[in-house]
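Working through the structure, step by step
Here are the chains, one letter per residue:
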Amino acid sequence: MAQNLYGPRVRIGNWNEDVYLEEEIMKDFLAKRDKGQLLIQRNRRLKENLLRPMQLSISEDGYIHYGDKVMLVSPDHPETEADLFLRGDLSLCMTPDEIKAHLSNELEVPCGLSAAQTKIPVGRNTFTILCAAGEVIGQVLRYGQNFRLGITGGFDDRMLYLSSDHRTLLKSSKRSWLQEVSLTHEDSYLNCWQAAFPHPQLRLEYEGSPVPANTKILITHCHTNRGLVAHRHLFLRTYFGKEAEVAAHTYLDSHRVEKPKNHWMLVTGVPRKDLSTMLDLPKPPAEDTRALEQVREQASDPGTGNTPDAPGCVPQCALPM
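If you're wondering where the values come from, they're calculated on a predicted model, not measured in any experiment. (Residues numbered from 1 in each chain as written. Predicted model: local features only at pLDDT ≥ 70, side-chain atom pairs only at ≥ 80, totals over all residues. Heavy atoms only, no water.)

With 44 residues, the main nonpolar core has Leu72, Leu92, Met94, Phe147, Leu183, Ile219 and Leu228 as its most contacted residues. Listed in part, the five residues of the second largest apolar core include Leu56, Met71, Val73 and Val267. (Core = buried A, V, L, I, M, F, W, Y, C linked by side-chain atoms within 4.5 Å. Buried < 20%, exposed > 50% of the residue type's maximum accessible area, 1.4 Å probe, protein only.)

What follows is about the side chain of lysine 261. Take lysine 261: it is sitting in the loop between β11 (241-248) and β12 (263-267). With relative accessibility at 4%, the residue lysine 261 sits in the buried group. (Helix = DSSP H or I, 4+ residues; strand = E, 2+ residues; numbered from the N terminus.)

Glancing now at the environment of arginine 226. Inspection of the secondary structure assignment puts arginine 226 in the loop between β9 (216-221) and β10 (228-238). Using a relative accessible area of 36% as the deciding quantity, one classes arginine 226 as partly exposed. For the pair arginine 226 and alanine 248, spaced 22 residues apart in sequence, the C-alpha separation works out to 5.4 Å. Leave out the neighbours within four places in its chain, and arginine 226 touches Gln179, Trp193, Ile219, Thr220, His221, Ala248, His249 and Thr250. (Contact = heavy atoms within 4.5 Å.)

A few words on the packing of aromatic side chains. One pass over the full model with this rule turns up four aromatic pairs. Here tyrosine 143 and phenylalanine 197 contribute two aromatic rings whose centre-to-centre distance is 6.1 Å and whose plane-to-plane angle is 85°, an arrangement assigned as edge-to-face. You can see tyrosine 143 sitting in the loop between β4 (127-130) and β5 (148-151) and its partner phenylalanine 197 sitting in the loop between β8 (193-196) and β9, a full 54 residues away along the chain. For tyrosine 143, a relative accessible area of 5% translates into the label buried. Ring plane angle 5° and centroid distance 4.0 Å describe the contact between phenylalanine 197 and tyrosine 206, whose orientation is recorded as stacked. If you follow lysine 242 out to its NZ or CZ, it ends over the ring of phenylalanine 235, 4.7 Å from the centre. One cation-aromatic arrangement involves lysine 261 over tyrosine 251; the distance from NZ or CZ to the ring centre is 4.3 Å. (Phe/Tyr/Trp six-rings, centres within 6.5 Å; stacked < 30°, edge-to-face > 60°. Lys NZ or Arg CZ within 6 Å of the ring centre and 35° of its normal.)

With that settled, the discussion passes to the pattern of salt bridges. Opposite charge on two side chains lets them pair, provided their charged atoms get close. The tally for this structure, following the rule as stated, stands at eight salt bridges. Linking lysine 32 and aspartate 28 is a salt bridge whose minimum nitrogen-to-oxygen distance equals 3.7 Å. Taken together, the positions of lysine 32 and aspartate 28, both in helix α1 (residues 15-35) and four residues apart, correspond to about one turn of that helix. A relative accessible area of 41% means that aspartate 28 is categorised as partly exposed. The salt bridge involving aspartate 89 is made with lysine 119; its shortest N-O contact spans 3.8 Å. (Salt bridge = Lys/Arg side-chain N within 4 Å of Asp/Glu carboxyl O.)

Now for helix α2 (residues 39-50). Here α2 contains twelve residues, and its C-alpha end-to-end distance of 16 Å stays within 8% of the 16 Å for a straight helix at 1.5 Å per residue. Along α2, the residues classified as buried are Gln41, Arg42, Leu46, Asn49 and Leu50. One side of α2 holds all its buried residues, which, seen down the axis, span an arc of 155°. (Expected span 1.5 Å × (residues − 1). Arc of directions from axis to C-beta.)

Coordinates in, geometry out; function isn't part of it.
This is how it looks when you write it as structure tokens:
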């Protein structure tokens, strides 16, 4: 009758090689942990930089200047071409590839872009208005004047520029197959953009006028003459979830007017500490609403008289119908 002659302490097979292999794996793990090269460390460091809180520039005169830090926001509008789309204001954000971002400590070049439902200025959606042809920092940006949009992504030693070029068979946007928009470190004419007034009949009159902050404008690429657009009905699975695609294409309606999807706002900061951007400010009531409120307050004030000669009385004809 056969008996099991091996006990639990008996080592069989390549037990010595297995022990040395486990030791090498542990040494490699500890070395990568000390150098900060682990996948979880790179992931945490990338998120800390991209989601680092940023401070937007505060416009004292209501205009955009070179050197200002702003957010590019696509205003909310109803989408008629599709039933499923992202609602609300969408901000232009840098979207690095998840796999490539984990393989390197620096941002990939070129880097992708998307539009996300966020109003908080962070490293991935805070852009800087840069000079294109020798303008002075602090000078007012004007309609029809070239400028560049740079972003650091929360990193202190890297500046990427918003760039675009004609589409080809090998280079186009992922979902719409239109002209691609990306971030690159190369300084060239492909990085130049212009701001235009939305109304085409008044566009020539506003040429050379200062660009107001927090107002709808058109952002056009100088080299291809294509407008920056956010496709709310085309979704991208990004490192931060579901976001909308951003491309360069001008959409015109039957009257040859740019559609609302081509409208953008250069959003600045607000002096109040409890708010992040000018979009967070409550909208002031309309003029007729304020007049009606004043009339109701005066009519309900017991200290005012009820005769027409009384200083607080409002005639009946002044009441809005």
